[in-house]
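# Fold and contact review
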Amino acid sequence: MPNAADNATECRAAAGGNSAALLHLLGCDLPALRQWVEQHGHQRYRADQIAEWLFARGADTFAAMTNLSKALRAWLDEHAIIYRSHVARESQAGDGTRKLLLSWPDDTSVETVWIPDGRRNTACVSSQVGCPVGCRFCASGLGGFQRNLTAGEIVEQALRVRRLIESGEPGSTAGRLTNVVMMGMGEPLANYAAVIAAIRIINAPWGLGIGARKITLSTVGLPKQIRRLAQEDLQINLALSLHASNDELRRTLIPWDKTPIAELLGACAEYFAGTGREVTLEYVLLAGVNDQPQHARELGHLARRLRCNVNLLRYNVVPGLPYDRPSSDAAFDFQRRLRAEGINAHVRSSRGRDIDAACGQLRRAAEHQ
Ligand code: SAH
Ligand code: SF4
């Protein structure tokens, strides 16, 4: 686990890479904030006050931090920054799902989605700009990989969604942010340190206070990192993007990942043993490719080896990619076959399809995580 000093260094690096750059406070955990303010001659408890303004109250200016002295607020203004992104675009789907395009100072951008579902409000956040994995069916890998997001940039996305939920704007339902899923752009376990630091801030009582069981990390499956995650003392939900019922098929869909399925499932079993959390296997149904009866049979055999449940997602068509969305009958037929094998399987509804078409990505089955 990084110590406070590492974290402060990372926060500073995140803010621009040199010591003169502004510290991105949303990426700092409480110990790092305490160390930072003390190093600069301020009292330690000031960090606790700042953290409360940032994470509990959602302040977006230092001027709003009215229990800090004017001098301290002026000092913060000079040395730190709260939000680094601006909302470049916002769209709303017919089902209420809202997508934000957040643009960073280096002109990169990521998508972040708010998925309302009754009293549940989920933020679907990105972990990287682009994705190095390049799954054949996914829009995120199409433009290649640009860069990792910092912890602060990940936390910022969740806070942007929370602000939207709490804004009371037309179209927003009163409520609070209840769930966070790492299912946006990028492969979270390929950006391990920043993702874990962000999850800790999202989870912490002094942070966003979202319970670990309400946080889900979805991965294409890096077994070493899954094992490491099992040791983190974080009880978050793990979702493995399996998408194929045998190694050969998986390699055609995800050529980047040569790991045998047996090894991936072994790492998931370790995750279950280490955390007590049942793993979710995600399976995107691609018409005529992986949705046939023999695939259901094979998948059933694989899933039986593990304490897991299977989420079936109907493919969201990405223009230019050679895959089709199966009918809902085909999806339910696949589910019935899995259930006949004794597997707990669900067909997840596609949220925000009409606004997802562009990225093909951020339509998520997040509502039941
Ligand atoms: N990189 C991680 C997390 C982001 S993708 C991962 O792959 O798990 C989150 C989920 O969306 C993955 O299961 C992914 O396979 C799925 N997905 C990607 N493109 C999709 C599409 N066009 N339609 C449906 N699901 C898609
Ligand atoms: Fe990356 Fe996940 Fe898309 Fe694969 S499905 S390209 S791992 S974001």
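Residues numbered from 1 in each chain as written. Chains lettered and ligands numbered in written order. Predicted model: local features only at pLDDT ≥ 70, side-chain atom pairs only at ≥ 80, totals over all residues. Heavy atoms only, no water.

## A word on the pairing of strand β14 (residues 345-348)
Here is the rule: Following DSSP output, two strands are said to pair if at least two bridges run between them. A run of DSSP states H or I qualifies as a helix once it reaches four residues; a run of E qualifies as a strand once it reaches two. Both are numbered from the N-terminal end. The handedness of a crossover follows from its direction of travel: if, with the strands pointing away from the viewer, the path from the first strand over the helix to the second runs clockwise, the crossover is right-handed.
In this sheet, β14 lies alongside strand β13 (residues 308-314) in parallel orientation, the contact comprising four bridges. Note that in β14 the partner of Val-310 across the bridge is Ala-345. Read as a crossover between parallel neighbours, the route from β13 over helix α11 (residues 328-340) to β14 is right-handed.

## As for the side chain of Arg-147
Operational definition: Counting of polar contacts relies on pairs of N or O atoms within 3.5 Å, with two restrictions inside protein: one atom must be capable of donating a hydrogen and the other of accepting it, and residues adjacent in sequence are counted only when both atoms are side-chain atoms. A contact between two residues is defined here by any heavy atoms of the two lying within 4.5 Å.
Its location among the elements puts Arg-147 in strand β8 (residues 145-148). Within the structure, Arg-147 has its side chain in polar contact with the side chain of Asp-106 (distance 2.7 Å). A polar contact is formed between the side chain of Arg-147 and the side chain of Thr-108, at a distance of 3.3 Å. Excluding residues within four positions of it along the chain, Arg-147 makes contact with Trp-104, Asp-106, Thr-108, Gln-128, Val-129 and Glu-153.

## Side note on the pattern of salt bridges
The line we're drawing: A pair is scored as a salt bridge if a Lys or Arg side-chain nitrogen falls within 4 Å of a carboxyl oxygen belonging to Asp or Glu. Think of it in three bands: with a 1.4 Å probe and only protein chains considered, a residue is buried below 20% of the maximum accessible area for its type, exposed above 50%, and partly exposed in between.
Tallied over the entire structure, the rule returns 16 salt bridges. Measuring nitrogen to oxygen at the nearest pair gives 2.9 Å for the salt bridge that ties Glu-153 to Arg-84. In this pair, Glu-153 is assigned in helix α5 (residues 151-166) and Arg-84 in the loop between β2 (80-81) and β3 (86-92), connecting sequence segments 69 residues apart. Each member of the pair, Glu-153 together with Arg-84, is buried. Note that Arg-147 and Glu-153 form a salt bridge whose closest N and O atoms lie 3.0 Å from each other. Take Glu-153: its relative accessible area is 1%, and that puts it in the buried class. Each of Arg-84, Asp-106, Arg-147 and Glu-153 takes part in one network of salt bridges that share partners.

## A word on the confidence of the model for the chain
This is how the line gets drawn: What pLDDT reports is the predictor's confidence in each residue, on a scale of 0 through 100.
The predicted model of the chain has a mean per-residue pLDDT of 90, with 88% of residues at 70 or higher. The low-confidence segment residues 362-369 (pLDDT under 50) makes 42 contacts with residues lying over four places distant or belonging to another chain.

## Digging into the sheet that holds β3
So the rule is basically this: Note on definitions: angles span 0 to 180 degrees between N-to-C directions of axes, and those axes are lines fitted to C-alpha atoms, for helices only across the stretch in contact.
Pairing within the open sheet is mixed, and its ten strands lie in the order β3-β4-β5-β6-β9-β10-β11-β12-β13-β14. Lying at the two open borders of the sheet, with one neighbouring strand each, are β3 and β14. Looking at each pair of strands side by side, their axes are set apart by 20° on average, direction ignored. Its contacts with the sheet put α5 on β3, β4 (98-103), β5 (109-117), β6 (120-124) and β9 (179-182), and the angle it makes with β5 is roughly 45°.

## A word on unusual backbone geometry
Peptide bonds are mostly trans, and most non-glycine residues show a negative phi. Phi at Asp-233 takes a positive value of approximately 65°, unusual for a residue other than glycine. Positionally, Asp-233 belongs in the loop between α7 (223-230) and β11 (237-241). One non-glycine residue, His-243, lies in positive phi territory at about 65°. Within the secondary structure, His-243 sits in the loop between β11 and α8 (247-253).

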